[in-house]
Every structure is written in C-alpha cells, then in structure tokens.
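Summary of the model geometry
What follows is each chain in one-letter form.
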Amino acid sequence: MNIRSLTRGDGVVIGAAVVLFIASFLDLSGYDCPSGVDCSRFSSPNAWDSLGLLMSVFLAGIIGAALVIVGRLAPRKVVGLDLGQFGVAFTVFALWTAFWTTIDAGDAGAGLILGLLATIVLAAGTVAGPLVPALKAPLTGAPKPPQAVQPPYGGQPGQGYGYPGAQQQPYGAQPSQGYGYPGAQTGGQPGQPGQADPAQAQAAQAQQAAPQGGAAPAGDFTPFWFAVPVARPLYGEDGAPNPIAELAPGTWYLAVEQRGQGLIAQTQDGRRGVLQDTTGIQRG
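Definitions and cut-offs
Residues numbered from 1 in each chain as written. Predicted model: local features only at pLDDT ≥ 70, side-chain atom pairs only at ≥ 80, totals over all residues. Heavy atoms only, no water. Axes fitted to C-alpha atoms, helices over the stretch in contact; angles between N-to-C directions. Helix = DSSP H or I, 4+ residues; strand = E, 2+ residues; numbered from the N terminus. Parallel < 35°, antiparallel > 145°, perpendicular 65-115°, else oblique. Left-handed = near helix turned anticlockwise from the far one by under 90°. Contact = heavy atoms within 4.5 Å. Nonpolar A, V, L, I, M, F, W, Y, C, P; charged D, E, K, R; others polar. Expected span 1.5 Å × (residues − 1). pLDDT = per-residue confidence, 0-100. Patch = residues over 30% accessible without salt bridge, like charges linked within 9 Å, V, L, I, M, F, W, Y side chains within 5 Å. Areas by Shrake-Rupley, 256 points an atom, 1.4 Å probe, with all protein chains shown as cover. Salt bridge = Lys/Arg side-chain N within 4 Å of Asp/Glu carboxyl O. Buried < 20%, exposed > 50% of the residue type's maximum accessible area, 1.4 Å probe, protein only. Phe/Tyr/Trp six-rings, centres within 6.5 Å; stacked < 30°, edge-to-face > 60°. Lys NZ or Arg CZ within 6 Å of the ring centre and 35° of its normal. Pairing = 2+ DSSP bridges.

Moving on, we come to the packing of helix H3 (residues 83–104) against helix H4 (residues 110–128). H4 packs onto H3 with a crossing angle of 150 degrees between their chain directions and a minimal axis gap of 8 Å. Relative to H4, the element H3 lies roughly antiparallel. Crossing handedness for the pair H3 and H4: left-handed. Contact with H3, carried on its side by Val 88, Thr 91, Val 92, Ala 94, Leu 95, Ala 98, Phe 99, Thr 101 and Thr 102, involves Leu 112, Leu 116, Thr 119, Ile 120, Leu 122, Ala 123, Thr 126 and Val 127 of H4 and no other residues of that element. Tallied by class, the residues present in the contact of H3 with H4 amount to twelve nonpolar, five polar and no charged.

Shown next, in the form of structure tokens:
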C-alpha cells in the first residue's frame, strides 16, 4: 500500500467525502420563523435523524469514496470487479438519490443542499478521475533520483549495485582486480613485489577483456532503477491477465530483465512481474 499511488482525482474524491460527512450534521430543511415568536427551541432534523436518507445519500457516498481509494492503494477484485468500480456505483447512486430528494423537498436546508453539491463533485471525481489527464496526475510529485555523494578530492565515487546515479558494471564484465583479489596476477620476480613480467601483464589484460565461458556479452541488459509517470499495472511472469501489483509514481523500482518491449521489474517487497507499458519511464 503506497500513498504515492494516489492521483489528483483521488484527492478530489477525498475532499468531497469530507464535505459530505460534514453536511450530514446540518439541517435538512429550513423554516421561516414568524415575527414575535421565539424559534430558538425549534430545530430541524439532520441526516442522522433520517435513517433512509443517511444510508442512501451520505453514507453511500462516503462508502463509495472509501472503496475508490482502497482500490487505488491495494488493487483487488470482488466478483470479477475492481473495488473502484463498486465505489463509482455507490457515488452515482448517492448523487441520484440526493438530486431527487432535493427536488422533492419543499424547503431544502443547508445539509441537503451541501450534500447534493458534495455528491456531484464526488461522482464527477470517481468517473472522470481515470479519464481526464489533469486528474490522472499523481497527487504528490515524484521525487528526484538521489545523487551520489561527492568523494574527497582524488577519491573515487562510491558505487553499489542498484544505486540510482551510480555507474553499473556491464553484464558479464569482470570486477576490478588488484593486489589480494583471488585470481589476480601478482607477477614480478621473487623478492621484487610490484614488478610484473610484461608477458604476464599482457596475458592478464587479455584474460580480463575476454568474456568468461557462459557469461553474457557486455552489451546485454544492465539492471537499472526507474520510476513511472503514472500508476501502471505489473503482470505476472506466467502471463496471467490479472495484475499482481501496481507501480506507483514517486517510487523507484528495479528493472532486472528485458522482456520484448516490456521490462521485468522488481518491487520493494521482492515481487517480480512484467511491466508492459514502459512509455515515459524515468531512469535513475
């Protein structure tokens, strides 16, 4: 569950749900107080005094918003449908009921009017959120890739596998060899450390440059970190049609292999799958 997967449309849905909850405590109907009469003892009922209106408008809209947000954070299916689809149905039903209830009311109060406006925004946010590009943008911007720490003067920058910004060793290349490395050519005559025979030095360079048996050429795929511009599904490597996870904007994922036009990506919890849509990804 990653909060960075929320979009601007989800923010609109959350805000409308909060307004709808507040509206449930306001008066459902208004009244005119005759002159000379103390109306301070009179109070109009709110949604919590009418169970049918509470469940069909206010709680239905709030439940629909919750289903949309939960479906975004943790995608799952119920009876073959996404949770978000159930949420959209709840919000549209709440808008339908609120509209005709307000039309039928003789003197609608603040709670009913504000509830109608909130359900309009709520239903519009759930329906248009996945369609309008402005609402599909991430709610929180993607962070910049971390920069490598500058080494002291004359030192080499620290590099590690998977660090965004670090230069990775090409696939199949041999690690640097030096004094004490297993298999390194120490060379030199006995009693004269550091002086390598030229023939041995050339042989060591040739051995290091030549690819090892069974190793892939240096031009093959090199793992790298990347981020997606919008939320994208990650499918299983077995080709199943249902996604196993959702890659969220603002989070770095590791690409470990090329699969046709897609990538084999690994999530932070260790799950691996196929990212089919790689357009617009940001490499670390």
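With 19 residues, H4 extends 27 Å from end C-alpha to end C-alpha; this agrees with the ideal 27 Å at 1.5 Å per step. On its buried face, H4 is in contact with helix H1 (8–23), helix H2 (51–73) and H3.

What follows covers the confidence of the model for the chain. For the chain, the average pLDDT comes to 77, and 70% of its residues sit at 70 or higher. Scored below 50 in pLDDT, residues 165–196 makes 40 contacts in the model with residues more than four places away or belonging to other chains.

Take a nonpolar patch on the surface next. Taken together, the side chains of Ile 14, Val 18, Phe 21, Ile 22, Phe 25 and Trp 48 make up a nonpolar region of the molecular surface, amounting to roughly 560 Å² of accessible area. Of note, Phe 21 is situated in helix H1. Assessed through its relative accessible area of 40%, Phe 21 is described here as partly exposed.

Tallied over the full model, the rule gives seven aromatic pairs. Site record: aromatic cluster; members linked through ring pairs are Phe 221, Phe 224, Phe 226 and Tyr 253. Across the ring face of Phe 224, the terminal group of Arg 283 is positioned such that the distance to the ring centre comes to 3.7 Å.

Further remarks concern the pattern of salt bridges. Considering all chains together, one arrives at seven salt bridges under this definition. The salt bridge involving Asp 277 is made with Arg 232; its shortest N-O contact spans 3.6 Å. Residue Asp 277 is found in the loop between strand E8 (272–275) and strand E9 (282–283), and its partner Arg 232 is found in strand E4 (residues 232–235); the two are separated by 45 residues along the sequence. Looking at Arg 232, the relative accessible area reads 8%, which means it is buried. The closest approach of N and O atoms between Glu 257 and Arg 272, which form a salt bridge, is 4.0 Å. You can see Glu 257 sitting in strand E6 (residues 253–259) and its partner Arg 272 sitting in strand E8, a full 15 residues away along the chain. A relative accessible area of 34% places Glu 257 in the partly exposed class. Residue Arg 272 is classed as partly exposed on the basis of its relative accessible area of 35%. Residues joined in a network through salt bridges with shared partners are Glu 237, Glu 257, Arg 259 and Arg 272.

Turning our eyes to something else, we now look at the pairing of strand E7 (residues 262–266). Burial runs high along E7: four of the five residues are buried. Of the pairings in the sheet, the one linking E6 to E7 comprises five bridges and is antiparallel in character. The residue bridging Gln 258 from the neighbouring strand is Leu 263, located in E7. Counting the residues between successive antiparallel strands, the hairpin from E6 to E7 contains two residues, one of them, Gly 260, with a positive phi of roughly 65 degrees.

Counting through the fold element by element, Trp 252 comes out in the loop between strand E5 (243–247) and E6. Accessibility expressed as a relative area gives 13% for Trp 252, which makes it buried.

On to unusual backbone geometry. Positive phi, close to 55 degrees, is recorded for Val 79, a residue that is not glycine. Within the secondary structure layout, Val 79 lies in the loop between strand E1 (77–78) and strand E2 (81–82).

One can find Ala 245 in strand E5. Under the relative-accessibility criterion, Ala 245 is labelled buried at 12%. If we skip the residues at most four places from it in the chain, Ala 245 touches Arg 232, Pro 233, Leu 234 and Arg 271.

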